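Inside the fold
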Amino acid sequence: MKKSRLYLQLSERAVVLAGHRLVLLAAMLSTVMWCFGGAFLGLPTRWYLLTNVFGTMTTLFVLLIMQHSQNRDMHALQVKADELIRSSEARNHLIGVEQLQEADLLRLIGDRQADR
């Protein structure tokens, strides 16, 4: 249980850090500096390929961390919405509607629009 809590804290911090506006600026500046530095110092092509692989792996890592965070937030939001539906006088048949097949969901949307 403690390992999952640690992972959750680390992933949340990574998402906050990756989403900060200064990180984009730092990435752009470091890329420009790297290109100019490589051009002036005559770095070998192999070094650029290694940098490309490292950049791709970093991008994939950040993407997966952000997707994990977004999925967790979406599930929490869905639980909150379901609880609001349960506690209100709304029709409870809408709870869990996100699990319907696309055709059933489109039919439900059509029925809701026809009721207006």
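These numbers come from a predicted model, not from an experiment.

On a plain count of helices and strands, the chain comes out with four helices and zero strands. Moving toward the C terminus, one meets the helices and strands of the chain in the order α-α-α-α. Expressed as a percentage of its 116 residues, the buried residues of the chain come to 6%. Taking as baseline every contact in the chain between residues at least 6 positions apart, the subset at least 24 positions apart corresponds to 34%. When the accessible surface of the chain is totalled, it reaches about 10400 Å², and 67% of it is carbon and sulfur.

With 43 residues, helix α3 (residues 45–87) should cover 63 Å at 1.5 Å per step; its first-to-last C-alpha distance of 63 Å lies within 8% of that length. All of the buried residues in α3 are I65, S69 and D82. Against the buried residues of α3 lie α1 (2–18).

What follows concerns the pattern of salt bridges. Counted under the stated rule, the structure contains four salt bridges. Residue R72 pairs with E12 through a salt bridge whose shortest N-O separation is 2.5 Å. Remark: E12 occurs in helix α1 and R72 occurs in helix α3; sequence separation between them is 60 residues. Classification of E12 as partly exposed rests on a relative accessible area of 24%. With a closest N to O distance of 3.4 Å, E83 and R86 form a salt bridge. Remark: R86 and E83 occur in helix α3; sequence separation between them is three residues, near one turn of the helix.

How each quantity is defined
- Residues numbered from 1 in each chain as written.
- Predicted model: local features only at pLDDT ≥ 70, side-chain atom pairs only at ≥ 80, totals over all residues.
- Heavy atoms only, no water.
- Helix = DSSP H or I, 4+ residues; strand = E, 2+ residues; numbered from the N terminus.
- Buried < 20%, exposed > 50% of the residue type's maximum accessible area, 1.4 Å probe, protein only.
- Contact = heavy atoms within 4.5 Å.
- Areas by Shrake-Rupley, 256 points an atom, 1.4 Å probe, with all protein chains shown as cover.
- Expected span 1.5 Å × (residues − 1).
- Salt bridge = Lys/Arg side-chain N within 4 Å of Asp/Glu carboxyl O.

These results come straight from atomic positions and should not be treated as a statement about function.
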